[in-house]
Amino acid sequence: MAHVIRRIKQLGLLVCGLTAIVACNKEELRQKAISVLVKGYNVGNSELEISIDTVVYDKFRTQPNRLINFGKVYTHSSNKTQSLLKIKDLVSGKEVYQHQIDLSANKFDYFFPFVFINGSALEIKSPTADPVTNKMAFYIHYPQSNDALDIYMKNSEGDMVYIAKNVKPGTWSYSEYLTTTGFTDENATYNWYFVKAGTTNQWAFHDNEWMSQFSTGTVYLPKNGELGRVQTYFVTPASNQLDVVSLFKP
């Protein structure tokens, strides 16, 4: 009888152990997901490849002189606390950027700005937020000229407002912006114009009007009295158009 009782206890312990292992495995098999967005620009001859942990997105490489516009949903086990985002320069073979993602923060959306200029990552210097205005930052990549430029905006009625003045290429320039009458419609699209400082029609890039204007449809401009926003932009005239990239989460 004692032998039978011992066997029953042993079987009970075995069942409990197996139950714990199955429960643990189920926990490990549970999946969570995060959305990862990388936006910026790749200037020069490099080809860039993004990976998260061991997942390499080799079908979504960024070619030279193109916008970086990477967005993916990445799944991971529920007990994982960190993931590593990496960007590799396939020409040099070097890793040019990495960021540790804290999965314990219980966020879903992660945004990373990244600009690569001729083999070097640009330090993105965003201004500090101010609750009574909107802070804007511009980095103009236009090695053909060091001349300062102004940026103004026009609506369909021809009204004009300045976005920034005396912006110098090759360095960060800052301005403040408040929405004004004629530019508050959340559904409207306006045009930005880049001109030589102190003028309104001497075009900043290649002396060409088309190459010196940009529609605001993709730059998430503050509208309808918004305050406290920080908006950082990278600007460069590409081969056949002006590229303006928003380096901030929409």
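Residues numbered from 1 in each chain as written. Predicted model: local features only at pLDDT ≥ 70, side-chain atom pairs only at ≥ 80, totals over all residues. Heavy atoms only, no water.

Moving on: the overall build of the protein. Within the protein one finds one helix and 16 strands. Here the protein, with 250 residues, has 40% of them falling under the buried criterion. Sequence separation of 24 or more characterises 64% of the internal contacts of the protein that already satisfy a separation of 6 or more. Of the roughly 14000 Å² of accessible surface on the protein, 50% is carried by carbon and sulfur atoms. (Helix = DSSP H or I, 4+ residues; strand = E, 2+ residues; numbered from the N terminus. Buried < 20%, exposed > 50% of the residue type's maximum accessible area, 1.4 Å probe, protein only. Contact = heavy atoms within 4.5 Å. Areas by Shrake-Rupley, 256 points an atom, 1.4 Å probe, with all protein chains shown as cover.)

The subject of this paragraph is the packing of aromatic side chains. Applying the stated rule across the entire model yields 18 aromatic pairs. Note on Trp192 and Phe194: the rings are 6.5 Å apart at their centroids and 70° apart in plane angle, and the pair reads as edge-to-face. Comparing Trp192 with Phe194 shows no difference in burial state: the two are buried. Members of the aromatic cluster, joined through ring pairs, are Phe138, Tyr142, Trp192, Phe194, Phe205, Tyr220, Tyr233 and Phe248. When the ring centre of Tyr162 is taken as origin, the NZ or CZ atom of Lys165, which lies over that ring, is 4.3 Å away. (Phe/Tyr/Trp six-rings, centres within 6.5 Å; stacked < 30°, edge-to-face > 60°. Lys NZ or Arg CZ within 6 Å of the ring centre and 35° of its normal.)

It is worth spelling out the nonpolar core at this point. Among the nonpolar cores identified, the biggest contains 27 residues, and Phe138, Ile151, Met153, Trp192, Phe194, Phe205 and Val244 are the most heavily contacted of them. Elements with a minimum of two residues in this core: strand E9 (134–140), strand E10 (149–154), strand E11 (160–167), strand E13 (191–196), strand E15 (230–237) and strand E16 (242–246). Excluding residues within four positions of it along the chain, Phe194 makes contact with Ile140, Leu149, Asp150, Ile151, Trp203, Ala204, Phe205, Ser212, Val235, Leu242 and Val244. (Core = buried A, V, L, I, M, F, W, Y, C linked by side-chain atoms within 4.5 Å.)

Next up on the list: the sheet that holds strand E14 (residues 213–215). If you trace the four strands from one edge of the open sheet to the other, you get E11-E10-E13-E14, paired in antiparallel fashion. Unpaired on one side and paired on the other, E11 and E14 mark the two borders of the sheet. The sheet shows a mean angle of 20° between the axes of neighbouring strands, taken without regard to direction. Across five bridges, E10 lies against E11 in antiparallel orientation. (Pairing = 2+ DSSP bridges. Axes fitted to C-alpha atoms, helices over the stretch in contact; angles between N-to-C directions.)

Under the definition given, this model contains four salt bridges. With a shortest N-O distance of 3.5 Å, Glu226 and Arg229 are connected by a salt bridge. (Salt bridge = Lys/Arg side-chain N within 4 Å of Asp/Glu carboxyl O.)

Moving on: the sheet that holds strand E8 (residues 120–121). Here four strands make up an open sheet; going across it, the order is E4-E1-E7-E8 and the pairing mixed. The sheet is open, and its two edges are formed by strand E4 (66–77) and E8, each paired on a single side. Examined bridge by bridge, strand E1 (residues 31–43) and E4 share twelve bridges and lie antiparallel to one another. By the bridge assignment, Asn42 is partnered in E4 with Arg66.

Regions with low pLDDT should not have their predicted coordinates read in detail. Averaged over the protein, the pLDDT score is 89; the fraction of residues at 70 or greater is 88%. Across residues 13–25, confidence stays below pLDDT 50; counting only partners more than four residues off in sequence or on other chains, it has zero contacts. (pLDDT = per-residue confidence, 0-100.)

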